[in-house]
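What follows is the residue order along each chain.
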Amino acid sequence: MQLSNEEEDYNRSLSKFESMLKTNKVLFFDSEEFEEIILHYLDIGKANLAKKALKLALDQHPKSTGLKLVQVEMLVYEDKLDIAEKLLNELYAIEPNNEEIYIQKANICSKRDQHEKAVELLKIALQYTDDYADVYNLIGMEYLFMDSLELAKENFIKCLEEDLEDQSALYNVVYCFEFLDQNQEAILYLNDYINKNPYSEIAWHQLGRLHYGVKEYENAIRAFDYATLIDDEFLGAFMEKAKAYERLKKYNEAIESYNRTIELDDATSYALLRIGKCYEKLGNAVKALQYYNQTVHEDPLLDKGWIAITDFHVRQKNFQKALFFVNKALAIDNQNRMYWKRYATINKQMNFFEEAEFGYRKAVEFGDYALDTWLYWVDILQFLGEFESAIQTLLQATEYFPEENEIEYRLAGLYFMIQDNTKAKFHLSNGLRLNFDNYIIIEDLFPVVWTKKTVKNYIEKHRK
């Protein structure tokens, strides 16, 4: 690719400067060349080289306001705010109409968390600047720091009106729309933006994301298609497009898009995992397992990969293998309630009831308060003959489900089992009141209790 004259001059200046450092010869540069050299080294994090260049620059151009402003920027970068402020005040006395002075003053205020004052200074800078886009962008950032998202959004929009190509402002304006839960307004804005700048792959990609967020998957795919037409190596757009195809159950197209991401970059465990899930949805178990195995080979610490293999074997009813792989996932994340629930369910299927009880207990311990988790746990405790533990567990469950007939019937049955008839009848009454027809829970889970004539009579008395 051919470089522009400006780029050639810039590269020549850098080479000349670095050559000078190696030979210890002092060469002359104009002040603008020095500014570019210093800012280049700051941008790439080579502060020592930037300092050397600044010292030489000020030796050759001691009265250059531009270089002194670069010096201020470096002082701010090093958090020497008081010294920077003093130098800015000196420059202000010489050039009160220089917008860069106000921008740097605002930068110092921002560093001190004085964001409102920073905005005031930036608004003054607007009166003197030729680069409105940059100042509007800076104002937008200050409003972001203050969590004033509406005002931030307005200023990022003004920035884009001045410079359609400002990608950071484009990302920021979409962020503001999303944070304010204005997805439809964001879609309208991006459509308007694209009418003015139709070859912005970033805009098309963001539009696709927004359509995906409101479940307009066809529109999302259309937007991602445009993004990948403009940039056929846009990995993020191919990934998002694949996810949208999955939502539409177009699994072959999803696989094609995921494969494109693998062609563009090294295979990611996420893409391999999703391809495996797509093949499983298509009924191709062999291919699905192949990709799941590739997923954990690519990233052995990806617990989701081991869980995908676990779920695959559960669906195949191969519980022995499922147990092996869920243990792999738990070795990586042993505080995941959903993994413990799987562990419990698999052990239950294999009639390992003590292990299943432990799994459900851990699931609840780590925050799984779903009704079925409580009930499975209690039913196993009952099967193991641990009636008191089962009762205490159900009483704990009533804190989350105070009016649940399935809990009440189980409490009734358990209290009957331990001969506490008063409490048993109280909970049986609750169960019958909440859902009379579900009294069959007593018959199914507590056959010994069901044989008692007093229980059947009590139920008949409550029949409506």
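Conventions we followed
- Residues numbered from 1 in each chain as written.
- Predicted model: local features only at pLDDT ≥ 70, side-chain atom pairs only at ≥ 80, totals over all residues.
- Heavy atoms only, no water.
- Helix = DSSP H or I, 4+ residues; strand = E, 2+ residues; numbered from the N terminus.
- Expected span 1.5 Å × (residues − 1).
- Buried < 20%, exposed > 50% of the residue type's maximum accessible area, 1.4 Å probe, protein only.
- Polar contact = N/O pair within 3.5 Å; in protein donor to acceptor, adjacent residues only side chain to side chain.
- Patch = residues over 30% accessible without salt bridge, like charges linked within 9 Å, V, L, I, M, F, W, Y side chains within 5 Å.
- Areas by Shrake-Rupley, 256 points an atom, 1.4 Å probe, with all protein chains shown as cover.
- Salt bridge = Lys/Arg side-chain N within 4 Å of Asp/Glu carboxyl O.
- Lys, Arg positive; Asp, Glu negative; His and termini not counted.
- Charge placed at Lys NZ, Arg CZ, Asp CG, Glu CD.
- Contact = heavy atoms within 4.5 Å.
- Phe/Tyr/Trp six-rings, centres within 6.5 Å; stacked < 30°, edge-to-face > 60°.

Chemist: Explain helix α6 (residues 99–111) here, please?
Modeler: Over its 13 residues, α6 extends 19 Å from the first C-alpha to the last, a length consistent with the 18 Å expected when each residue adds 1.5 Å. All of the buried residues along α6 are Ile101, Tyr102, Ile103, Gln104, Lys105, Ala106, Ile108, Cys109 and Ser110. Residue Asn98 occupies the N-cap position of α6, its side-chain oxygen lying 2.9 Å from the main-chain nitrogen of Glu100. Count one or two residues on from α6 and you reach Asp113, which has phi positive near 65 degrees.

Chemist: Even after reading the chapter, I still don't get the environment of Thr454, so can you show me in this structure?
Modeler: By the element assignment, Thr454 lies in helix α28 (residues 453–461). Placed 313 residues apart in sequence, Thr454 and Met141 show a C-alpha to C-alpha distance of 74 Å.

Chemist: What's the story with a negative patch on the surface in this structure? I'm lost.
Modeler: A cluster of acidic side chains, namely Asp130, Asp131, Asp134, Glu161 and Glu162, defines a negative patch on the protein surface. As for its placement among the helices and strands, Asp134 is situated in helix α8 (residues 132–145). For Asp134, a relative accessible area of 34% gives the class partly exposed.

Chemist: Is there a simple way to explain the side chain of Lys341 in this structure?
Modeler: Relative to the helices and strands, Lys341 is located in helix α20 (residues 337–349). A relative accessible area of 15% means that Lys341 is categorised as buried. Among the polar contacts listed, one links the side chain of Lys341 to the side chain of Asp372, at a separation of 2.9 Å. Setting aside residues no more than four positions away along its own chain, Lys341 makes contact with Tyr360, Ala363, Asp368, Ala370, Asp372 and Thr373.

Chemist: Looking at this structure, I do not really get the packing of aromatic side chains. What am I missing?
Modeler: Two measures describe an aromatic ring pair: the distance that separates the ring centres and the angle between the ring planes. Evaluated as defined, the whole model comprises 20 aromatic pairs. Considering the side-chain rings of Trp306 and Phe325, the 5.9 Å spacing of their centres and the 15 degrees angle between planes classify their relative orientation as stacked. Here Phe325 lies in helix α19 (residues 319–332) and Trp306 lies in helix α18 (residues 303–315), a separation of 19 residues in the sequence. When the ring of Trp374 is compared with that of Trp377, the centres are 6.1 Å apart and the planes differ by 25 degrees; the resulting orientation is stacked. Taken together, the positions of Trp374 and Trp377, both in helix α22 (residues 371–383) and three residues apart, correspond to about one turn of that helix. Of the two residues examined, Trp374 and Trp377, each falls in the buried class.

By themselves, these observations are geometric and do not establish any function.
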